[in-house]
Amino acid sequence: MQDNDLKTSNDARLRGVSDHIHTEMLASQTGEEALQQFAESARKLIGARYCAIGVARADGEELEEFLTAGLTREQEAIIGVKPRGGGILGLLLQRTTPLRLETLGTHPSAVGMPANHPPMESFLGVPIRYQQTVLGSIYLTEKPGGFTSDDEKTILALSMHLAVAIRNWQLLKRQRSLVAGLITAQEEERRAVAYDLHDGLTQFVMAAHMHLSAFQRVHNDDDEDLLLGLQYLKDAVIESRRLINGLRSLALDDMGLAGALAQLVQEEKQRAGWADADFLHNVEGERFSVPLVTAVYRVAQEALTNARKHAIAHRIQVTLLRENNHLLILSVSDDGQGFDPTGIQADDKHIGLHGMTERVRLLEGTLLIESALGTGTQLVASFPAPYHEEFANE
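The structure presented is a predicted model; accordingly, all values stated were derived computationally and were not measured.

Colleague: Break down the pairing of strand β6 (residues 276-281) for me, with residues and values.
Modeller: Note: β6 against strand β7 (residues 315-323), 6 bridges, orientation parallel. When the sheet's bridge partners are listed, L280 is paired in β7 with T319. In this view, the connection linking β6 to its parallel neighbour β7 by way of helix α8 (residues 290-311) has left-handed handedness.

Colleague: Talk me through the sheet that holds strand β4 (residues 123-130); I want residue IDs and the actual numbers.
Modeller: What the 5 strands build is an open sheet, ordered β2-β1-β5-β4-β3; its pairing is antiparallel. Edge positions in the open sheet fall to β2 (63-69) and β3 (99-101), since each of these has one partner strand only. For this sheet the average axis-to-axis angle between neighbouring strands, irrespective of direction, equals 15 degrees. In the packing of helix α4 (residues 87-94) onto the sheet, contacts are made with β1 (50-56), β2, β3, β4 and β5 (133-141), and the angle to β4 comes to roughly 40 degrees.

Colleague: Lay out the pattern of salt bridges in plain terms, naming residues and giving numbers.
Modeller: Evaluation of the coordinates by the stated rule reveals 11 salt bridges. Between R271 and E268 there is a salt bridge, with its nearest N and O atoms 3.1 Å apart. Taken together, the positions of R271 and E268, both in helix α7 (residues 250-272) and 3 residues apart, correspond to about one turn of that helix. A salt bridge links R322 to E286, with the nearest nitrogen and oxygen atoms 2.7 Å apart. On the criterion of sequence distance, the pair formed by R322 in strand β7 and E286 in the loop between β6 and α8 is long-range, its members being 36 residues apart. Assessed through its relative accessible area of 13%, R322 is described here as buried. For E286, a relative accessible area of 35% translates into the label partly exposed.

Colleague: Any chance you could break down the environment of V111 for me, citing the residues and the numbers?
Modeller: Within the secondary structure layout, V111 lies in the loop between β3 and β4. With 23 residues separating them in the primary sequence, V111 and I88 have C-alpha atoms 7.2 Å apart.

Colleague: Tell me about the packing of aromatic side chains, and name the residues and values.
Modeller: On inspection of all chains with the given rule, the structure shows 2 aromatic pairs. Consider the rings of F66 and Y139, whose centres lie 6.3 Å apart with planes at 35 degrees: the pair is tilted. With F66 in strand β2 and Y139 in strand β5, this residue pair connects regions lying 73 residues apart in the sequence. Note on F66: relative accessible area 8%, which makes it buried.

Colleague: Before we move on, could you go through the side chain of S331 and cite the residues and values that matter?
Modeller: Along the chain, the position of S331 falls in strand β8 (residues 327-334). By relative accessible area, S331 is classed as buried at 9%. Engagement of the side chain of S331 in a polar contact is seen with the side chain of Q378, the distance being 3.1 Å.

Colleague: A description of the pairing of β4 should follow, citing residues and the corresponding values.
Modeller: Counting buried positions over the 8 residues of β4 gives 6, a clear majority of the element. As paired elements, β3 and β4 share 3 bridges and run antiparallel to each other. By the bridge assignment, L101 is partnered in β4 with F123. Of the pairings in the sheet, the one linking β4 to β5 comprises 8 bridges and is antiparallel in character. Residue Y130 lies in a different strand from β5, and its bridge partner there is T133.

Colleague: Describe the confidence of the model for the protein chain, and please don't skip the residues or the numbers.
Modeller: Per-residue pLDDT for the protein chain averages 81, and the proportion of residues at 70 or more is 81%. Within the protein chain, helix α1 (residues 2-27) has the poorest average pLDDT of any element, 54, and β6 the best, 96. Considering only residues more than four positions removed or in separate chains, one finds that residues 25-29, a stretch of pLDDT under 50, has 15 contacts. Across residues 387-394, confidence stays below pLDDT 50; counting only partners more than four residues off in sequence or on other chains, it has 25 contacts.

Colleague: Please set out the sheet that holds β8 residue by residue, giving values where relevant.
Modeller: If you trace the 5 strands from one edge of the open sheet to the other, you get β6-β7-β8-β10-β9, paired in mixed fashion. Because the sheet does not close on itself, it has two edges, and the strands there are β6 and β9 (366-371). Going from strand to strand, the sheet's axes swing by 10 degrees on average, the running direction of each strand aside. Where β9 lies against strand β10 (residues 377-384), 6 bridges are found, and the strand directions are antiparallel. The residue bridging T366 from the neighbouring strand is S382, located in β10. Its contacts with the sheet place α8 against β7, β8 and β10, and it is angled at close to 10 degrees to β8.

Criteria and thresholds
Residues numbered from 1 in each chain as written. Predicted model: local features only at pLDDT ≥ 70, side-chain atom pairs only at ≥ 80, totals over all residues. Heavy atoms only, no water. Pairing = 2+ DSSP bridges. Helix = DSSP H or I, 4+ residues; strand = E, 2+ residues; numbered from the N terminus. Right-handed = clockwise from strand over helix to strand, strands pointing away. Axes fitted to C-alpha atoms, helices over the stretch in contact; angles between N-to-C directions. Contact = heavy atoms within 4.5 Å. Salt bridge = Lys/Arg side-chain N within 4 Å of Asp/Glu carboxyl O. Buried < 20%, exposed > 50% of the residue type's maximum accessible area, 1.4 Å probe, protein only. Phe/Tyr/Trp six-rings, centres within 6.5 Å; stacked < 30°, edge-to-face > 60°. Polar contact = N/O pair within 3.5 Å; in protein donor to acceptor, adjacent residues only side chain to side chain. pLDDT = per-residue confidence, 0-100.

Listed below in structure tokens is the structure:
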């Protein structure tokens, strides 16, 4: 009876770990966090001192990710460069069955251990595969009394769930890489349009203004229509320069997300004549990916432009908050005349709103707009915050 109770308890813990890895993989935007938590859960489940998960490259020859549980940050720093699949780890990538050892050091493939690596004796390693594809390996070390056949069966069962989770993560990484490429292409197109405006249309407008100004001075012509035309051309030059700067987003490159948004809010305040325009944030010094930064800035830019053109507002508030280390939330609110969001969203003519929605969806975020006639408008865009870590080096 006690054996049955123990088996039931172990089965329940196994299911708990399996469910946990799937839940965390979906919630995590990097995958590394979920895998590391999985390693920690597996370590505690088996009673080992250390656990590690290696994720293989696409060719299955080496590791591209290596996550540990049981080591302190200081120990990891002393050990140095993470392994890439040599020695016993490379052997696991080639195997299709588990490897259980009483003494790790006696195995012929147990080579290349860093000098500052903690001593490890008992060892249990399980290859991770999806169908015929090598995905990596999970291994545990240093269990008092050594690892048992039951431990091997438990980790082997967990590895099947882990294989599905890693495969899903790899597909998600590929999707996000495509999204990053799409956003980069969009920004390059915007910059190309900006250069065309600067070198083409803007130059013609400036030339027309200069030509008519010279004509007005030579002929001393104070005709009201001519003066009004000159003013329109001058306004057109100013507006074209604003559009060019908006398309290029140079402030975003130079000042980072928070600085660029602060500048954008003040520029729109002066342009619109708002009595108040505040920007609040808690992301000072935070680093985000180019796709995420670009999306947040463009959504804020479009929201402020809409408020300036349509809201007839007096006060604007923009906030950018990192919440629970999982979400980056942009909020733009005004006290203007408001509108019916359902009617606007159903109208294909409102390109700006559809553009904002698409940008947010590309980064797996959500966009909510609350408004009603006479009550102002609030736009809230929420983005998965850890998303930036995959692109930190791009």
